[in-house]
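Tertiary structure, described
Here are the chains, one letter per residue:
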Amino acid sequence: MLTVHIISDSIGNTAKDVVDAALVQFSYGKADFKVLKNSNVCTIEKIDCIMSNVNDGDVIVQTLVDSTLAEYVKKKGLEKNIKVIDLLSEMLNTFEDKLGIKSEGNPGLNRKMGTEYFKRVDALEFAVKYDDGKDINGLKEADIVILGVSRTSKTPLSLYLANRNIKVMNVPIVQDLILPEQIYEVKRKIIGLTNSVEQLNKLREERLKTLGVDGNTDYTDEIQIFEELEYALEIMGKIGCPIIDVQNKAIEETAELIIGIMRERGLEV
């Protein structure tokens, strides 16, 4: 039987995948093997413990970022006449030479990057699910709740912040439509958005054009827009939330203002 000992300073899944990919070529009754995964190996003492269980004829596959530990495993392998396959050292050395910089030497970065990716996906899915007040059940889970009348950049902001791993729910303020009472329970997370009558009129007319709708409607009427904004400011005043005027501001600029306000309030975003 061939026993493969995986030694990793992280979980060891990368090495396990590579070993499995190789061993599957011998898995149809042609060979007998066992794979032992040793995760979070960060000390010489732990390496010594692993090496005490390595027998003649076994193979070691290591993915140790720490060069000192990697060299120690190779040294112990030579002493016991054990083959050591190092999946990272040669690659790291080559990349350092080509890039002209030292590697981070930080175990588990790949896993951390994966975690960040899934957090971002989760935040994006959250933004889509709770866009435009479709479902108020996201209020407590949301990191930030954005309020504003139509075309104040609520959705683009929600998606931009989601790319920063922030869960954002946006809720439209519609004239004479009462907001759910639950809004007042999360007022520390609420940011209000406003804009000028002129810019909203222009944005709404452009929106209707893309939909193939005649622009002469209440939706684009300046008096109607003024009343909507006044109503929205009244609601935001009752809630007591910060209000950002998005007129002539890029999405990135408004997003940074929102993040700054949240951090000033002691909320982690």
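Residues numbered from 1 in each chain as written. Predicted model: local features only at pLDDT ≥ 70, side-chain atom pairs only at ≥ 80, totals over all residues. Heavy atoms only, no water.

**A short note on unusual backbone geometry**
Heads up, the rule is: Numbering goes from the N terminus for both helices and strands, where a helix is a DSSP run of H or I of at least four residues and a strand is a run of E of at least two. Relative accessibility decides the category of a residue: with a 1.4 Å probe and only protein chains considered, values under 20% of the type maximum give buried, values over 50% give exposed, and everything between is partly exposed.
Despite not being glycine, Ser153 shows a phi value in the positive range, around 75°. For Ser153, the location among the structural elements is in the loop between strand E5 (144-148) and helix H6 (154-162). Taking the relative accessible area as the measure of exposure, Ser153 reaches 25% and is therefore partly exposed. For Asp176, which is not glycine, the phi dihedral falls at a positive 70°. Along the chain, Asp176 turns up in the loop between strand E6 (168-172) and strand E7 (190-194).

**Description of the pairing of E6**
For the record, the criterion: Here the rule is simple: two strands pair whenever DSSP picks up at least two bridges between them. When the strands point away from the viewer and the path from the first strand over the helix to the second turns clockwise, the crossover is right-handed.
With four of five residues buried, E6 lies mostly within the body of the structure. Direction of pairing for E5 relative to E6: parallel, over a ladder of five bridges. Along E6, the bridge assignment pairs Ile146 with Asn170. For the crossover from E5 across H6 to E6, the handedness is right-handed.

**Concerning the packing of aromatic side chains**
Note the following rule: Working definition: a ring pair exists when centres of Phe, Tyr or Trp rings (six-membered ring for Trp) sit within 6.5 Å. Plane angles under 30 degrees give stacked, over 60 give edge-to-face, the rest tilted. To sit over a ring, a charge needs its Lys NZ or Arg CZ within 6 Å of the ring centre and within 35 degrees of the ring normal.
Tallied over the full model, the rule gives one aromatic pair. Their ring planes at 50° and their centres at 4.5 Å tell us that Phe126 and Tyr130 sit as a pair that is tilted. The same class applies to Phe126 as to Tyr130, namely buried. Positioned above the aromatic ring of Tyr219, the side-chain terminus of Arg204 is 4.6 Å from the ring centre.

**Things to note about the packing of H6 against helix H9 (residues 251-264)**
Basically, it comes down to this: Only C-alpha atoms enter the line fits that serve as axes; for helices the fit covers just the stretch in contact. Angles between N-to-C directions range over 0 to 180 degrees. Comment on the angle field: the value is read as roughly parallel under 35 degrees, roughly antiparallel over 145, roughly perpendicular from 65 to 115, and oblique elsewhere. Left-handed describes a crossing in which the near helix is turned anticlockwise from the far one by less than a right angle; the clockwise case is right-handed. Note on definitions: a residue-residue contact is assigned when non-hydrogen atoms from the two residues lie within 4.5 Å. In this classification, Asp, Glu, Lys and Arg are treated as charged, Ala, Val, Leu, Ile, Met, Phe, Trp, Tyr, Cys and Pro as nonpolar, and every other residue, Gly included, as polar.
Between H6 and H9, the least distance of the axes is 10 Å, while the angle of their chain directions is 70°. Classed by the angle they form, the pair H6 and H9 counts as roughly perpendicular. In this structure, the crossing between H6 and H9 has a hand that is right-handed. Along the contact surface, H6 presents Pro156, Leu157, Tyr160 and Leu161, while H9 presents Ile251, Glu252, Thr254, Ala255, Ile258 and Ile259. Across the contact of H6 with H9, the residue classes break down as eight nonpolar, one polar and one charged.

**Overview of the sheet that holds strand E1 (residues 2-8)**
Here we have four strands laid out as an open sheet, ordered E2-E1-E3-E4, and parallel in their pairing. This sheet does not close on itself; its edge strands, each paired only once, are strand E2 (33-38) and strand E4 (83-86). Shown here is a sheet whose adjacent strand axes are inclined to one another by a mean of 20°, direction ignored. Relative to E2, E1 runs parallel, the two being bridged by six bridges. Each residue of the ladder has a partner; that of Ile6, found in E2, is Lys37.

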